[in-house]
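Below are the chains, spelled out letter by letter.
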Amino acid sequence: MKSISLYVNRNSFVHDVDPITKLIYIAFAILVPIIVPSFTISFICVGISLVLLAFAKVLRKTVPVFSFVFLVLITVVIIQGLFKPENETVLFQLGPITMYQEGLLFALTITLRVLTIVSAFMILVLTTKPSELVESLVRKGMSPSIGYMIVSVFQIIPEMMAAVSTITDAQRARGMETEGSFFVRFKAFLPLMGPVVLGALINTKERAMALEVRGFNSQVQKTYLYEEKTYAYSRLIRALLLLAIAGALVWRILS
Amino acid sequence: MNKIVVEGLKYKYPLSETLALDNISFSVKEGEFIGIIGRNSAGKSTLCQAIVGLVPHFYKGAYGGKVLVDGLEVKTHSIADISLKAGMVFQNPFTQVTGSKMTVYEEIAFGLENIGVPRTEMINRIDEVLHLFKIEHVKDHNPFDLSGGQMQRMAIASIIAMKPEIILLDEPTSQLDPGGSEEVFQAVQSLKNQGITILMAEHKMEKVAQYCDKVLLLESGKVVDYDTPEVVFSRNDLDVFGVTAPVYTKVCQALGVKKKGADTYPVTLKEAEAALKEMRR
Ligand SMILES: Nc1ncnc2c1ncn2[C@@H]1O[C@H](COP(=O)(O)OP(=O)(O)OP(=O)(O)O)[C@@H](O)[C@H]1O
Ligand SMILES: [Mg+2]
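As a starting point, this report considers the structure included with it. (Residues numbered from 1 in each chain as written. Chains lettered and ligands numbered in written order. Predicted model: local features only at pLDDT ≥ 70, side-chain atom pairs only at ≥ 80, totals over all residues. Heavy atoms only, no water.)

### Observations concerning the site of ligand 1
What counts, and what does not: One heavy atom within 4 Å of a molecule or strand is enough for the residue carrying it to be called near that molecule or strand. Pairing of N or O atoms within 3.5 Å defines a polar contact, subject to two protein rules: one partner must be a possible hydrogen donor and the other a possible acceptor, and residues neighboring in sequence count only if both atoms are side-chain atoms. Residue burial considers only the protein chains on display, and all accessible areas are found by Shrake-Rupley using a 1.4 Å probe. Strands here mean DSSP runs of E at least two residues long; helices mean DSSP runs of H or I at least four residues long; both are numbered from the N terminus.
The immediate surroundings of ligand 1 are formed by 15 residues, with Asn40(B), Ser41(B), Lys44(B), Ser45(B) and Thr46(B) found nearest. One finds residues of chains A and B in close proximity to ligand 1. For ligand 1, an oxygen atom lies 2.9 Å from a polar atom in the side chain of Asn40(B). One of the side-chain nitrogen or oxygen atoms of Thr46(B) is found 2.5 Å away from an oxygen atom of ligand 1. Alone, ligand 1 offers 640 Å² of accessible surface; in the complex the protein occludes 66% of this. Take the shell around ligand 1: its biggest share by element is three residues, from helix α1 (residues 44-52) of chain B.

Written out as structure tokens, the structure is:
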């Protein structure tokens, strides 16, 4: 089945680290560069994330995401470098185009910030199953219903897409035009919505009943099929990350 | 001992004009296997849902009378409480897939996690039902990737693993081929032999006749008959209720061959064979 989760199943120590520690790492990678606004720190954070992604053997999977991010960021660099109101210091000139230092630096800051966030999130998304992440949050006290909602979206959306394609096929088999101009496609789309939406509503009702009889709203203390994932050095890593955040804060307050 | 007692049960779905269940009374003893039969819309599914508490707790609607499940009154207990006593398998296997689990194995664990079964016990029970329903080879597959028949077996296995004392099955073999249905009936039979009480809504009359202790015949939400398969299938007005007797019964009825020393017709192949041999002598 097509899955909309980006999880890549590999064997690596990054995969073995529990999801909560990865969440703390994200907090670290986002907060520290904000608290200590220096390029070096940002570069270090991006660097750590990239090294971890490489260890997790998922670096190639990041290419499409990073390409997209770069596309957006290049526009930012060009616009800020050329047109930022505070632009004064000319960096270089290409014919009628003038690049300014202030804008470029500002764009670089934004770029680095986005890269730190994206690369840190990629570690979580590419090396953790959504279900595993949610399960560890439920163990930490998140409501199982919210957990269920999040996880089921990953499964049920692909199911709905499958329903859409089945119905499109059926309609095409009966001679309906489903390809061509935007208008034709739109006309084909409308009758599709009825069965898909209605089907989804009925399914949701039935699924809710099936969950009920499987004790979903039971007041009993829940148990889990899998033991909670614990990585040998989790505590150490978490402590170091929190210490780094605290250290950054102290530095900021003192200087 | 009576495991299920239904007394004067009346129920009307919200926004509906007519009663879906109309003054239903019957009781089921521990370890009995009851077949619920009747035409489409007779109220079979509604009755099953009334025993696990979905009627009235899930739907609301107008409710009267009393249903006791192993001593618990359904009206005053939550579905979660009742689900520890009575499990239900629904008609459509697809909508019973939770959608929150990645494998068949985890899917079966879902109910067990909710009711707090300890891990080692959980694993034992899952392995047991995977084996019982012959789905071990797909235990690591995504639940949505199963065939209709496998999905149906997984749905039954998921409920059986919760070890309820009462199991309700709503047309559990609709997606199965003859071999698959036979396997499910045998698995259900083995549960019955362990003392589990079973109610099954089913359209395959040959199977109902062969496996059930008693048959509950419904029509427009009313009980028409509640008796042994022989007595119910020997009625000559079955077609009025949209039911056809097992083919063996029909043949014997046409030939006027009754069971030896009884006023009823044979309902299974074995009985028919015996009665016909008797006649030839
Ligand atoms: N959710 C609902 N809301 C309103 N009316 C309903 C609902 N579900 C069922 N009914 C009605 O209640 C009556 C009994 O339906 P039920 O589904 O119990 O029949 P059934 O015997 O299970 O039929 P089938 O053999 O088709 O499964 C029918 O008239 C049906 O239209
Ligand atoms: Mg039904």
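### Structural notes on the pairing of strand β8 (residues 197-201) of chain B
Residues and elements named next belong to chain B. Here is the rule we go by: Under the scheme applied here, a residue whose accessible area is under 20% of the maximum for its type counts as buried, over 50% as exposed, and between as partly exposed, the area being computed with a 1.4 Å probe on protein chains only. Strand pairing is defined by DSSP finding a minimum of two bridges between the two strands. We call a crossover right-handed when, viewed with the strands running away from us, the connection from the first strand over the helix to the second turns clockwise.
Judged by how many residues are buried, β8 sits mostly within the fold: five of five residues are covered. Because side chains alternate across β8, one face comprises the buried residues Thr197, Leu199 and Ala201, and the other comprises Ile198 and Met200, equally buried. Sheet analysis places strand β3 (residues 33-37) next to β8, joined by four bridges and oriented parallel. Paired with Ile36 across the bridge in β8 is Ala201. Of the strand pairs in this sheet, strand β7 (residues 166-170) and β8 are connected by five bridges, and their pairing is parallel. By the bridge assignment, Ile166 is partnered in β8 with Thr197. Following the backbone out of β7, through helix α7 (residues 178-193) and into the adjacent parallel β8, one traces a crossover that is right-handed.

### A look at helix α7 (residues 144-173) of chain A
Residue and element names in this part refer to chain A. Put simply, the rule reads: Here, expected helix span is obtained from the residue count minus one, scaled by 1.5 Å. For a residue, the bend is simply the angle between two axes, fitted respectively to the seven-residue segment ending there and the seven-residue segment starting there. In this description, contact between two residues means that some pair of their heavy atoms is separated by no more than 4.5 Å.
Given a rise of 1.5 Å per residue, 30 residues ought to cover 44 Å, and the 43 Å separating the end C-alpha atoms of α7 matches this to within 8%. The largest bend in α7 is about 40°, located at Val153. Buried within α7 are the following residues: Gly147, Tyr148, Val151, Ser152, Gln155, Pro158, Glu159, Ile167, Thr168 and Gln171. Considering only its buried residues, α7 is in contact with α6 (130-139) and α8 (182-213). At the C-terminal side of α7, Gly175 shows a positive phi close to 90°.

### A short note on the packing of aromatic side chains
Rules: Two rings from Phe, Tyr or Trp (for Trp, the six-membered ring) form a pair when their centres sit within 6.5 Å of each other. Planes less than 30 degrees apart are called stacked, planes more than 60 degrees apart edge-to-face, and all others tilted. To sit over a ring, a charge needs its Lys NZ or Arg CZ within 6 Å of the ring centre and within 35 degrees of the ring normal.
Under the counting rule described, the total for this entry stands at 12 aromatic pairs over all chains. Geometrically, the ring pair formed by Tyr13(B) and Tyr59(B) is edge-to-face, given 5.1 Å between the ring centres and 90° between the ring planes. Of the two residues, Tyr13(B) is situated in the loop between β1 (2-12) and β2 (21-29) and Tyr59(B) in the loop between α2 (54-57) and β4 (62-69); the sequence distance between them amounts to 46 residues. Counting every residue linked through ring pairs, the aromatic cluster contains Tyr11(B), Tyr13(B), Phe58(B), Tyr59(B) and Tyr63(B). Its guanidinium or amino end placed over the ring of Phe106(A), Lys84(A) lies 4.3 Å from that ring's centre, counting from NZ or CZ. A cation over an aromatic ring shows up here: Arg139(A) above the ring of Tyr224(A), its NZ or CZ 4.1 Å from the ring centre.

### Quick notes on the environment of Val97(B)
Mapped onto the secondary structure, Val97(B) falls in the loop between β6 (86-89) and α4 (104-114). Judged by relative accessible area, which is 1%, Val97(B) ranks as buried. In contact with Val97(B), not counting residues within four places along its chain, are Arg207(A), Glu107(B), Pro143(B), Phe144(B), Met151(B) and Met154(B).

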